[in-house]
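# Per-entry structural report
What follows is each chain in one-letter form.
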Amino acid sequence: MSFPRLHARTRRFTLGVPRGFTIAPDGSRVLFLRTQSGTDAVTCLWELDTANHVERLVVDPRKLGADEENLPPEERARRERSREQAGGVVGYAVDRQAVKAVFALSGELYLTTLASGETVQLETPGGVIDPRLSPDGRYVSYVSGGALRLHDTTTFEDRALAEPESETVAYGVAEFIAAEEMDRMRGYWWSPGSDRLLVARVDEAPVRLWHIADPANPDRPAVEQRYPAAGTPNAIVELFVYALDGSRVAVPFEQEYLANASWDSHALSIVTLARDQKSLRLFTVDPSTGSSEQLVEETSPAWVEIGQGVPAHLDDGSLVWLSGTQLIVGGKPVTPPSMIVRAVLDVDRDSVLFRASGTDSTEIQLWTWDGHSLLPVSTSSGVFSGRLAGGVGVLTEQTLENEGVSVTVVLPSGMTIPIPSLAERPGLDLRVSIGRSGSRELATAVILPSWYESGSGPLPVLLDPYGGPHAQRVLAAHSMFLTSQWFAEQGFAVVVTDGRGTPGRGRAFEHEVLDDLAGPVLEDQIDALHGVAEQYPQDLDLTRVGIRGWSFGGYLAALAVMRRPDVFHAGIAGAPVTDWRLYDTCYTERYLGDPNTQPEVYDQSSLFADAAKLERPLLLVHGLADDNVVAAHTLRLSSALLAAGRQHSVLPLSGVTHMTPQEVVAENLLLLQVDFLKQSLGVAQSG
């Protein structure tokens, strides 16, 4: 099977990889999700017994007769926000002791007793999203039709706890901005005592109504969507503490965004973020009165990052927090300024498990703080993540040398148990060199064809960046370069660079894109390209340079060929943001501010003013069902190019969203890109 087809069929080689780990509090069992092969898109729930090392299939959706295509619209939207590429049991929740699990399949609600594997369907009045168990396991909570509902597993009573007052209101959900830009995928939280819930009420009435149409099917009505574009109103988010009898107490907060919330045995906590994102506050809340006390405020003249995995508490109640890139425990920093903490993963009694980078931004290591000292968990080069509970750890490892993801359970004794990955092998010989390039010593990967002999003749160059904030492409992980290697095999020297604005090198480096998402990111791609050419003087042909990208990378590709045709000779822009006024509030305003008060900042980062400059081949690709970067971005740029008399190509993808999960589309899209680049750069076609 060809790489493009295998890449598409395996959902970018993610099928068959263990994920979604939950460790029982006593460490006796590890629950996880995994499909049954590398080409099987139906996710199952599994359990590993850490005493006898036996793995057991707990829930197979096929045996439940669930029709995966029949999803509620809210669940489809949730999966798009979370970039979920598989089906089946794609999410689950357990009670405090991990005795029961609850999940949704095709909008139906299911409850599993884990010891026996007995699974029952619970009757609900409509499609179900985000089901969760109360800590004591008695109640199943879920959202249906905008209402937060409770199902009592002892009396089988199912009732609404909070019902929407209008069509624009929903209880217990994460609004678009929270899910897309703040990594908050939930909208309600159980109390440790199972007697109350903190619930978000979301009213989208102020949010402007957009219409996502499918021109290929004119008989179908356009899908209405509330989209908060930069400078326009957001949804109104309010918080309430609900008792099980339906009585509620308001929890007021001043700032625009609810960034996070948590409720453990020590505190009910909320984290809020100002609209301009220069101030973030942590509060502890009295659930009886709704009154709150501010514990921490983080400020920045640029923007404040939302710390992942916090707030949390040690057993003694000490607050675990992230301030900038430092881990704070009990009000004191426990990591040095040179360590870039990425996220807190778990708190287990008096230990904190977290991810961090050192001086090398291409590696993400695992560490613990045990109350006294920092201890490395991972000891080799690569990208690591994990979980920790009951003294048992789950370690996930990716390296440049090995394909795929390796998962290992680590017991308190030090004994290890592998959890096999069933993912397909890509079948590519990776030939990647990671180093520093350019005047800013940017993290850069150079990928050459496996068959190429250095000095045998210069290769046309393909830049393959993302290049934007909050994402890295240059990491010491095999999976990061599979597509780039395949492009290299077609006869290109591929260059991937993380420039200013990308994470891993500290806040000052990230803040370099404040008020300008165009200049710094484009300058750094050019700087790195010239640096690589000096390192490989006989191998790169700078008279034939292409660039491709998706989303922000698509924006960067179009920007490159329009503003710097002296450097870039062809570009492929997939789902590009062409006018930042059309992108969402939280992401865009973080970097560019309010378009109503500083329109010139938006103008200099827009592509429209550069339309008349296009003199190189440009292919614009966009899914017409994209509800994140809507197709209007590409269509408006195409109109501007046409008005300027500039030739270009547009490839509309009917029914395709921002993820392009469809197998045939994903496969042929790679092949079409290669053909376009070879034709545009004058590369001889094989065959």
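So, here's what we can say about the structure. (Residues numbered from 1 in each chain as written. Predicted model: local features only at pLDDT ≥ 70, side-chain atom pairs only at ≥ 80, totals over all residues. Heavy atoms only, no water.)

## Some remarks on the sheet that holds strand β26 (residues 319–323)
With antiparallel pairing, the four strands of this open sheet are ordered in space as β25-β26-β27-β28. Strands with a single pairing partner mark the edges of an open sheet, and in this sheet they are β25 (312–313) and β28 (332–333). With two bridges connecting them, strand β27 (residues 326–329) and β28 associate as antiparallel partners. Of the residues in β28, the one forming a bridge with I328 is P333. (Pairing = 2+ DSSP bridges. Helix = DSSP H or I, 4+ residues; strand = E, 2+ residues; numbered from the N terminus.)

## Things to note about unusual backbone geometry
Residues other than glycine predominantly adopt negative phi, and peptide bonds predominantly adopt the trans conformation. Looking along the chain, the bond that leaves V310 and enters P311 is cis, with omega of 10°. Inspection of the secondary structure assignment puts P311 in the loop between β24 (292–299) and β25. Positive phi outside glycine occurs at R12, with the angle close to 65°. Within the secondary structure layout, R12 lies in the loop between α1 (3–9) and β1 (19–23). In this model, R349 sits at a positive phi of 60°, which is unusual for a non-glycine residue. Relative to the helices and strands, R349 resides in the loop between β29 (340–348) and β30 (351–357). Owing to a relative accessible area of 45%, R349 belongs among the partly exposed residues under this scheme. (Buried < 20%, exposed > 50% of the residue type's maximum accessible area, 1.4 Å probe, protein only.)

## What to know about the sheet that holds strand β23 (residues 279–285)
Hydrogen bonds between backbone groups are what pair the strands of a sheet, and the pairing can be parallel or antiparallel. If you trace the four strands from one edge of the open sheet to the other, you get β21-β22-β23-β24, paired in antiparallel fashion. At either end of the open sheet lies a strand with only one pairing partner, and these are β21 (257–263) and β24. For this sheet the average axis-to-axis angle between neighbouring strands, irrespective of direction, equals 20°. Judged from the seven bridges that link them, β23 and β24 form a sheet pairing that is antiparallel. Among the inter-strand pairings, V285 is bridged to a residue of β24, identified as S292. (Axes fitted to C-alpha atoms, helices over the stretch in contact; angles between N-to-C directions.)

## Observations regarding the side chain of S262
Tracing the backbone shows S262 in strand β21. The contacts of S262, once residues within four sequence positions are left out, are A267, L268, S269 and P311. (Contact = heavy atoms within 4.5 Å.)

## Considerations on the packing of aromatic side chains
Within the structure shown, the criterion is met by 20 aromatic pairs. When the centroid spacing of 6.4 Å and the interplanar angle of 70° are considered together, the rings of F240 and Y242 count as edge-to-face. What makes Y242 buried here is its relative accessible area of 4%. In textbook terms, an aromatic cluster arises when at least three aromatic residues are bridged by ring pairs, as seen for W303, Y466, F552, Y555, W580, Y583, Y587 and Y591. The lysine or arginine in question, R248, covers the ring of F240, its NZ or CZ lying 3.8 Å from the ring centre. (Phe/Tyr/Trp six-rings, centres within 6.5 Å; stacked < 30°, edge-to-face > 60°. Lys NZ or Arg CZ within 6 Å of the ring centre and 35° of its normal.)

## A few points about the packing of helix α4 (residues 482–489) against helix α11 (residues 663–681)
Direction vectors running N to C along α4 and α11 enclose 45°, while the axes themselves pass 11 Å from each other. Relative to α11, the element α4 is oriented oblique. Crossing of α4 over α11 shows right-handed handedness. Listed contacts from α11 to T483, W486 and F487 of α4 are L670, L671, Q673, V674 and L677. Grouping the amino acids of the contact of α4 with α11 by side-chain chemistry returns six nonpolar, two polar and no charged. (Parallel < 35°, antiparallel > 145°, perpendicular 65-115°, else oblique. Left-handed = near helix turned anticlockwise from the far one by under 90°. Nonpolar A, V, L, I, M, F, W, Y, C, P; charged D, E, K, R; others polar.)

## Quick word on helix α6 (residues 519–535)
Given 3.6 residues to a turn, an α-helix orients residues that are three or four positions apart in the same direction. Helix length check: α6 (17 residues) gives 25 Å between terminal C-alpha atoms against 24 Å at 1.5 Å per residue, within 8%. The element α6 is extensively covered by neighbouring structure, given that 13 of its 17 residues are classed as buried. (Expected span 1.5 Å × (residues − 1).)

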